[in-house]
Amino acid sequence: MRVAELFQSKQGEGLWTGVVSVFVRMIGCNLRCSFCDTTYASWQAEQGEELSVEEIVARVEQYGCRHVVLTGGEPMLYAEMIPLTKALSQRERKITIETAGTLDLPVVCDLMSISPKLSNSTPWGARDATVRLHETNRKRPEVVRSLLARYQAQLKFVVDEPEDLIEIEEYLAEIGDVPKDRVLLMPMAIDTQSMRAKSEWIIPYATPRGYRYCPRMQLEWYGNRRGT
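Residues numbered from 1 in each chain as written. Predicted model: local features only at pLDDT ≥ 70, side-chain atom pairs only at ≥ 80, totals over all residues. Heavy atoms only, no water.

Participant: Looking at this structure, I do not really get the packing of helix α4 (residues 141–150) against helix α5 (residues 163–175). What am I missing?
Facilitator: In a packed pair of helices, the relevant descriptors are the angle between the two axes and the axis-to-axis distance. Packing of α4 against α5 brings their axes to within 9 Å, and their N-to-C directions diverge by 65°. Crossing of α4 against α5: the hand is right-handed. Residues P141, V144, R145 and L148 of α4 form the contact with α5, whose participating residues are Y171, E174 and I175. A class-by-class count of the residues in the contact of α4 with α5 yields 5 nonpolar, no polar and 2 charged. (Axes fitted to C-alpha atoms, helices over the stretch in contact; angles between N-to-C directions. Helix = DSSP H or I, 4+ residues; strand = E, 2+ residues; numbered from the N terminus. Left-handed = near helix turned anticlockwise from the far one by under 90°. Contact = heavy atoms within 4.5 Å. Nonpolar A, V, L, I, M, F, W, Y, C, P; charged D, E, K, R; others polar.)

This is how it looks when you write it as structure tokens:
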């Protein structure tokens, strides 16, 4: 597997915010999101390190940390995720997988963190082929339903404009019954000023509906930089 970075930090988003974890960031993605903030691990990535399952497990164990986050890019691109998650679980690690919910593998996972991509992710100004690829792949409700049926999960939606909230409701209606407290609304932001401004209208929408507001706490703690 191609790994962009492997480091220890605190989880900044979702149900386990604040939990110290080892992050393993895989390289490669089947989407072309306009707001991608990890291009160094995306389809454009030119660097990275080829590591076997055994090498990744050994490096994770060096930290002596119970929680592991497998992220990307899109980690579910790799069939090796199956033996990797099994090996980490056998070593009593708590595993979070960060995925866009477009690919399915029979992995071992304690929290499936699914971030379905809305139309606000489409790079409309890009080449036609890029737009088609993204639009073809970004929405896979059947995959999301399958993941939700098999794993403890959270649904994390990136919200940019109030109109996105309508699309989220349509998406939730399409995939079926989801516990509302597992629906997380996260502002599209790479700085704390933008995040706080969007929270002023996201929180009043989320709270009465039973959804969770999901800040990007890594921006508060570390700023917008790698290795966090």
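After that view of the structure, there is still more to cover.
Participant: Sorry if this is basic, but what is going on with the environment of N120 here?
Facilitator: Inspection of the secondary structure assignment puts N120 in the loop between β6 (111–114) and α3 (128–137). Sequence-wise, N120 and T38 are 82 residues apart; in three dimensions their C-alpha atoms are separated by 17 Å. The residues touching N120, leaving out its near neighbours within four places in the chain, are S34, F35, V158, V159, D160, D164 and M188. Of note is the side chain of N120, whose polar atom sits 3.1 Å from the backbone oxygen of V158. Within the structure, the side chain of N120 is placed 2.9 Å from the side chain of D164, a separation counted as a polar contact. (Polar contact = N/O pair within 3.5 Å; in protein donor to acceptor, adjacent residues only side chain to side chain.)

Participant: Got a minute to help me understand the packing of aromatic side chains in this structure?
Facilitator: The description of two aromatic rings rests on the distance between their centres and on the angle between their planes. With the rule as written, the count across this model stands at 3 aromatic pairs. Plain terms: the ring middles of F157 and Y171 are 5.7 Å apart, the flat faces sit at 75° to each other, and that makes the pair edge-to-face. Placement of the pair is F157 in strand β7 (residues 153–159) and Y171 in helix α5, with a sequence separation of 14 residues. An identical accessibility class is assigned to F157 and Y171; each is buried. (Phe/Tyr/Trp six-rings, centres within 6.5 Å; stacked < 30°, edge-to-face > 60°. Buried < 20%, exposed > 50% of the residue type's maximum accessible area, 1.4 Å probe, protein only.)

Participant: Just to check I follow, could you spell out the sheet that holds strand β2 (residues 20–26) for this structure?
Facilitator: Within a sheet, neighbouring strands are paired by backbone hydrogen bonds and run either parallel or antiparallel to one another. Reading across from one edge, β3-β1-β2-β4-β5-β6-β7-β8-β9 is the order of the 9 strands in this open sheet, with mixed pairing throughout. With one partner strand each, in any of the chains shown, β3 (49–50) and β9 (212–213) form the two edges of the open sheet. Here 5 bridges tie β7 to strand β8 (residues 183–187), and the two strands are oriented parallel to one another. Across the sheet, V158 pairs through a bridge with M186, a residue of β8. Its contacts with the sheet put helix α1 (residues 53–63) on β1 (2–10), β2, β3 and β4 (67–71), and the angle it makes with β1 is roughly 15°. Sheet strands in contact with α4 are β6 and β7, and its direction is about 155° off that of β6. (Pairing = 2+ DSSP bridges.)

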